[in-house]
Amino acid sequence: MRRLIMMGIMLLMTFSLSACSGRETGQQEQDRIKRSAGQQTEEPSTEGHVSVSPQAVEKDDGQHILIAYFTWAENTHVENPDEVDVDATTSASVLPPGNAAKLAGWIQKQTGGELFSIVVKEPYSSDYDECLDRAAEEEAKDARPELVNHVENMEKYDVIFLGFPNWWYTVPMAVHSFLEEYDFAGKTVIPFCTHGTGGLASTIQDIKKDLPDSTELREPIGVYRSDVDSAQKSINEWLAGMGYEKKD
């Protein structure tokens, strides 16, 4: 009798396990049907755990661009702007925005960078000859004019466009003041220059002396001062050649 009871219990357990197995197989089959129909299936609870999908993690691959420039017009004071002959190539650049600033504005429009004007504490004369005389004196003394404005958080910028006029075949000494104030290690510097008959002269070589070896100095552009007003297309093409397309 005891043997018959034990056999009955074993048969009952076998039947129960088979039934459970059948239910699990049925649930899996339903899940497969739902998935094939594009429906959601029940997932195990993740309460107490935090998961982040790849889409929720934003990665900033964009470059942070600064467009720093020195221009005579923003480093002088003109008593009577109406008396300036805007048709004279030696005088027009004394009026705002100035030649280098015009180029900087077009670069800003194309790249979306931030503008920064390099301004000295002691303004230059608005007289062309007097201004160049002081520039020659500063160059001879290897002077570093004091600046009145400074870039906050320079470390956040990856690319610095650097604009200036050619003064006595080199950069204005205020540009050296600017370059020596910050750490350009690992950054990219892209010069743009306005000039007369001297072209870029030694401007690029002299800038390079202020930069660490880890700075990438990219191909500059020089624009003859009488051609500045019509140079936007050339600036855009120069930028596009380096991969800087216009920002909407």
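Before any of the text, the structure's been laid out above.
First, a word on scope: everything that follows refers to the structure included in this document. Source: prediction; values computed, not measured.

Residues Ile221 and Val223 of strand β6 (residues 221–224) are buried on one face, while the alternating residues Gly222 and Tyr224, pointing to the opposite face, are not. For strand β4 (residues 188–195) and β6, the ladder comprises 4 bridges, and the chain directions are parallel. Residue pairing across strands places Cys193 opposite Gly222, the latter belonging to β6.

Turning our attention to the nonpolar core. Ranked by internal contacts, the top residues of the largest apolar core, which has 33 residues, are Ile118, Met154, Leu162, Phe178 and Phe184. Those elements that place two or more of their residues in this core are β1 (65–69), α3 (128–141), β3 (159–165), α4 (173–181) and β4. Considering every element that reaches this core, the biggest residue donor is α4, with 4 residues. Sequence-distant contacts of Phe184, that is, excluding residues within four places in its chain, are made with Met154, Ile160, Phe178, Leu179, Val189, Leu211, Pro212 and Thr215. In terms of nonpolar packing, the next biggest core, distinct from the first, is built from 21 residues, Tyr69, Ile107, Phe192 and Ile221 among them.

Here the focus is a negative patch on the surface. Together, Asp127, Asp129, Glu130 and Asp133 give the surface a local cluster of negative charge. The residue Asp133 is located in helix α3 in this model.

Attention shifts here to helix α6 (residues 232–241). Side chains of residues three or four places apart in an α-helix project in the same direction, reflecting 3.6 residues per turn. Those residues of α6 lying buried are Ile235, Trp238 and Leu239. Relative to the axis of α6, the buried residues are bounded by an arc of 95° and lie together on one face. Across α6 from its buried face, at more than 90 degrees, point the exposed residues Lys233 and Gly241. In this structure, the buried side of α6 is in contact with α2 (99–111), β3, β4 and β6.

Rules of the game
- Residues numbered from 1 in each chain as written.
- Predicted model: local features only at pLDDT ≥ 70, side-chain atom pairs only at ≥ 80, totals over all residues.
- Heavy atoms only, no water.
- Buried < 20%, exposed > 50% of the residue type's maximum accessible area, 1.4 Å probe, protein only.
- Helix = DSSP H or I, 4+ residues; strand = E, 2+ residues; numbered from the N terminus.
- Pairing = 2+ DSSP bridges.
- Core = buried A, V, L, I, M, F, W, Y, C linked by side-chain atoms within 4.5 Å.
- Contact = heavy atoms within 4.5 Å.
- Patch = residues over 30% accessible without salt bridge, like charges linked within 9 Å, V, L, I, M, F, W, Y side chains within 5 Å.
- Areas by Shrake-Rupley, 256 points an atom, 1.4 Å probe, with all protein chains shown as cover.
- Salt bridge = Lys/Arg side-chain N within 4 Å of Asp/Glu carboxyl O.
- Lys, Arg positive; Asp, Glu negative; His and termini not counted.
- Charge placed at Lys NZ, Arg CZ, Asp CG, Glu CD.
- Arc of directions from axis to C-beta.

Function-wise, these values are silent; they only describe arrangement.
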